[in-house]
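Spelled out from the first residue to the last, the chains are:
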Amino acid sequence: MSHSPAGPPQVQKRRRHLMDPNAPRPVRDLNAEDQSLTRVQRWVMSTLAVTTLLHLSAGVIIAAIAESDPTLTAQIGLNIIAGAFGVGAVVAALAIHGRRILSWWLLLGLVPTAVGLWLTLG
C-alpha cells in the first residue's frame, strides 16, 4: 500500500491470474457434479429409448397401412402391437427416471394404437 499526502491509502489491485487470499476459489462440489451428470445421463437414455420404441411403433403402423393383401384382423393386430411398443416406451422412460411404473402415463402409450387405427381404418 502506498500513502499519498492528500488522501486515504490506496490498495493495489492484484492481477487476475494471481491468487487473491481475500477471495479464494470456490470449492468444487463433487457430489453435485455427479448428480448433475447422472440427471443428464438419465435424460439421454430415456430419450434414446423412447425415440427408438416410437420409431418401431411407427414402422408397425406403416406395415399395417402398406400391407399388400390386408385383412381387418391383421391391421387391427398390428396397430395393437404398435400400441404395445408405445406403452413399452413409456415404461422404459419411467423406469430409467426411477418413477412408479403403474401410473396414468401408461395411457399415453396407447396413442400409437389410436393413430394407427385412425390411419388404417379411416
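Residues numbered from 1 in each chain as written. Predicted model: local features only at pLDDT ≥ 70, side-chain atom pairs only at ≥ 80, totals over all residues. Heavy atoms only, no water.

**Quick notes on the side chain of H97**
As a reminder, the rule being used: Secondary structure follows DSSP: runs of H or I at least 4 residues long count as helices, runs of E at least 2 residues long count as strands, and numbering of each begins at the N terminus. Two residues form a contact once any of their heavy atoms are found within 4.5 Å.
Tracing the chain through its elements places H97 in the loop between α2 (72-96) and α3 (111-121). Beyond its immediate sequence surroundings of up to four residues, H97 is in contact with R42, W43 and S46.

**Some words on the environment of S57**
Operational definition: Two N or O atoms form a polar contact when they lie within 3.5 Å of each other; inside protein one atom must be a possible hydrogen donor and the other a possible acceptor, and for residues adjacent in sequence the pair counts only when both atoms belong to side chains.
Among the structural elements, S57 can be located in helix α1 (residues 30-65). With 26 residues separating them along the chain, S57 and G83 place their C-alpha atoms 7.0 Å apart. Looking at S57, its side chain comes within polar contact range of the main-chain oxygen of A82, at 2.8 Å.

**Looking at the environment of T52**
For the record, the criterion: When accessible area is computed with a 1.4 Å probe and restricted to protein chains, residues below 20% of their type maximum are described as buried, those above 50% as exposed, and intermediate ones as partly exposed.
With respect to the element layout, T52 can be found in helix α1. We classify T52 as exposed; its relative accessible area is 52%. Sequence separation between T52 and A89 is 37 residues; the distance between their C-alpha atoms is 8.2 Å.

**A closer look at the confidence of the model for the protein chain**
Rule in force here: pLDDT is a residue-level measure of predictor confidence that goes from 0 to 100.
Here the protein chain averages 88 in pLDDT, while 88% of its residues score no lower than 70. Looking at the elements of the protein chain, mean pLDDT is at its lowest for α1, recorded as 92, and at its highest for α2, recorded as 96.

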